[in-house]
Amino acid sequence: MTRVLYLEASPGKEASVTSRLANAFLDTYREKNPDHEIEHLPLFEVDLPNFGQEGARQKFENLGAVTAGKGPIEAQGEWAGVMAEVERLKRADKVLLSAPMWNFSIPWRLKQWIDVVAHIGVTVVVEPKDGGISYIGQITGRPLQMILASGSPYEMRFPLESDDKMDFQRAYLDRIFRFIGFSDIRLVKAQPTGMPAGPKRDALEAEWEKQVKQAAERF
Ligand SMILES: Cc1cc2nc3c(=O)[nH]c(=O)nc-3n(C[C@H](O)[C@H](O)[C@H](O)COP(=O)(O)O)c2cc1C
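Described in the following lines is the structure provided in the data block. (Residues numbered from 1 in each chain as written. Predicted model: local features only at pLDDT ≥ 70, side-chain atom pairs only at ≥ 80, totals over all residues. Heavy atoms only, no water.)

### A look at the overall build of the protein chain
Moving on, step 1. A tally of regular secondary structure across the protein chain gives six helices and seven strands.
Moving on, step 2. Starting at the N terminus, the α and β elements of the protein chain follow one another as β-α-β-α-α-β-α-β-β-β-α-β-α.
Moving on, step 3. For the protein chain, whose C-alpha radius of gyration is 19 Å, the value lies close to the compact-globule estimate of 17 Å for 219 residues.
Moving on, step 4. Taken over the C-alpha atoms alone, the protein chain extends approximately 60 × 50 × 35 Å along its principal axes.
Moving on, step 5. For the protein chain, the residues scored as buried account for 47% of the 219 residues in total.
Moving on, step 6. Counting only contacts in the protein chain whose residues sit at least 6 apart along the sequence, the fraction spanning at least 24 positions is 74%.
Moving on, step 7. Surface summary for the protein chain: the accessible area is close to 11,400 Å², and the carbon and sulfur share equals 51%.
Moving on, step 8. Within the protein chain, the 31 negative side-chain charges are centred at a point lying 3 Å from the centre of the 28 positive side-chain charges. (Helix = DSSP H or I, 4+ residues; strand = E, 2+ residues; numbered from the N terminus. Rg over C-alpha atoms; globule rule 2.2 N^0.38 Å. Buried < 20%, exposed > 50% of the residue type's maximum accessible area, 1.4 Å probe, protein only. Contact = heavy atoms within 4.5 Å. Areas by Shrake-Rupley, 256 points an atom, 1.4 Å probe, with all protein chains shown as cover. Lys, Arg positive; Asp, Glu negative; His and termini not counted. Charge placed at Lys NZ, Arg CZ, Asp CG, Glu CD.)

### Remarks on the packing of aromatic side chains
Moving on, step 1. One pass over the full model with this rule turns up eight aromatic pairs.
Moving on, step 2. Ring centres of Y29 and F219 lie 5.9 Å apart, and the angle between their planes is 65°; on these two criteria the pair is classed as edge-to-face. Placement of Y29 in helix α1 (residues 17-32) and of F219 in the segment after α6 (199-218) is noted, with a sequence separation of 190 residues between them.
Moving on, step 3. Taking relative accessible area as the criterion, Y29 reaches 1% and is therefore assigned buried.
Moving on, step 4. The buried category is assigned to F219, whose relative accessible area is 9%. (Phe/Tyr/Trp six-rings, centres within 6.5 Å; stacked < 30°, edge-to-face > 60°.)

### Concerning the environment of G69
Moving on, step 1. Residue placement: G69 occurs in the loop between α2 (53-67) and α3 (78-91).
Moving on, step 2. The class of G69 is exposed, set by a relative accessible area of 65%.
Moving on, step 3. A sequence separation of 60 residues divides G69 from K129, and the C-alpha atoms of the two residues are 18 Å apart.

### A closer look at the pairing of strand β6 (residues 144-149)
Moving on, step 1. Of all the six residues making up β6, six are buried; the element is thus mostly covered by neighbouring parts of the structure.
Moving on, step 2. Residue alternation in β6 divides its side chains into two sets, L144, M146 and L148 and Q145, I147 and A149, and both sets are buried.
Moving on, step 3. Strand direction decides the pairing type here: strand β3 (residues 94-100) and β6, joined by six bridges, are parallel. In the strand pairing of β6, L97 is matched with M146.
Moving on, step 4. In this sheet, strand β7 (residues 185-190) lies alongside β6 in parallel orientation, the contact comprising six bridges. (Pairing = 2+ DSSP bridges.)

### Quick word on helix α4 (residues 108-117)
Moving on, step 1. Among the residues making up α4, those that are buried are R109, L110, W113, I114, V116 and V117. Down the axis of α4, the smallest arc covering the buried residues is 160°, so these residues share one side.
Moving on, step 2. Tucked inside the fold, the buried residues of α4 contact β1 (3-8), β2 (37-42), α3, β3 and α5 (168-179). (Arc of directions from axis to C-beta.)

### Brief notes about the side chain of D167
Moving on, step 1. Within the secondary structure layout, D167 lies in the loop between β6 and α5.
Moving on, step 2. Of note is the side chain of D167, whose polar atom sits 3.0 Å from the backbone nitrogen of Q169.
Moving on, step 3. Polar side-chain contacts of D167 include one of 3.0 Å to the backbone nitrogen of R170.
Moving on, step 4. Contact partners of D167, with chain neighbours within four places excluded, come to M101, F104, Y154, E155, P159 and K189. (Polar contact = N/O pair within 3.5 Å; in protein donor to acceptor, adjacent residues only side chain to side chain.)

### Quick word on the site of the ligand
Moving on, step 1. The immediate surroundings of the ligand are formed by 15 residues, with S10, S16, T18, M101 and T193 found nearest.
Moving on, step 2. In the model, a nitrogen atom of the ligand is placed 2.8 Å from a nitrogen or oxygen of the N103 main chain.
Moving on, step 3. The contact in question runs from a nitrogen atom of the ligand to an N or O atom on the backbone of G151, over 3.1 Å.
Moving on, step 4. Protein burial of the ligand: of its 640 Å² of free accessible surface, 69% is covered by the chains.
Moving on, step 5. Here the residues of the shell around the ligand sort into seven nonpolar, eight polar and no charged. (Near = heavy atom within 4 Å. Nonpolar A, V, L, I, M, F, W, Y, C, P; charged D, E, K, R; others polar.)

This is the structure:
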């Protein structure tokens, strides 16, 4: 059974551009793959595991144990939540993420999910290499489709000091998912969603919808 994990990172529900586009994506995907299982994780509605003082301590305790060849630490306390979310991610054959830009970056609930699943010693293995260290992401062999939106338009490149507004949303998501092992990362970017209603806006909406449907055909 092929499993798709859908991470929804806007709280906007029906009013959300990214959730609406992700639903259009999933409608096309379901038509093509009626037997695939889709697990929906609405990040603003679910109780994400807490990751605080205990989790941060356990992260390094686990890294030390794994590095010393003793194997992972017991999944208890905050670390049990980490293990459960990492297992959910590992079960997924494909991942769909929809997320708005918030303050040039990502909504805090998505950052919480990332801080729960992205750990050296768990989703990234650390190995010595040429006198230094090499990081090997473990969540490999599955595509990630990102559907992102921002109120303003941003260049599709790493942000520069000279930019008035910096896109740390796309740059960060691309970096962190590559860090944990993803290499097939696909993007539909809806921008500028701040454009007021009218024919230009309608044309943009139609273009975003066309792009997500095409992306779903290939997913
Ligand atoms: C808290 C908050 C912060 C935002 N920050 C930015 C920003 O830094 N840059 C930008 O271009 N748009 C920003 N926006 C606009 C959203 O990215 C835009 O409205 C997007 O379409 C929202 O997606 P959604 O409808 O799927 O939630 C912000 C919106 C909110 C609610």
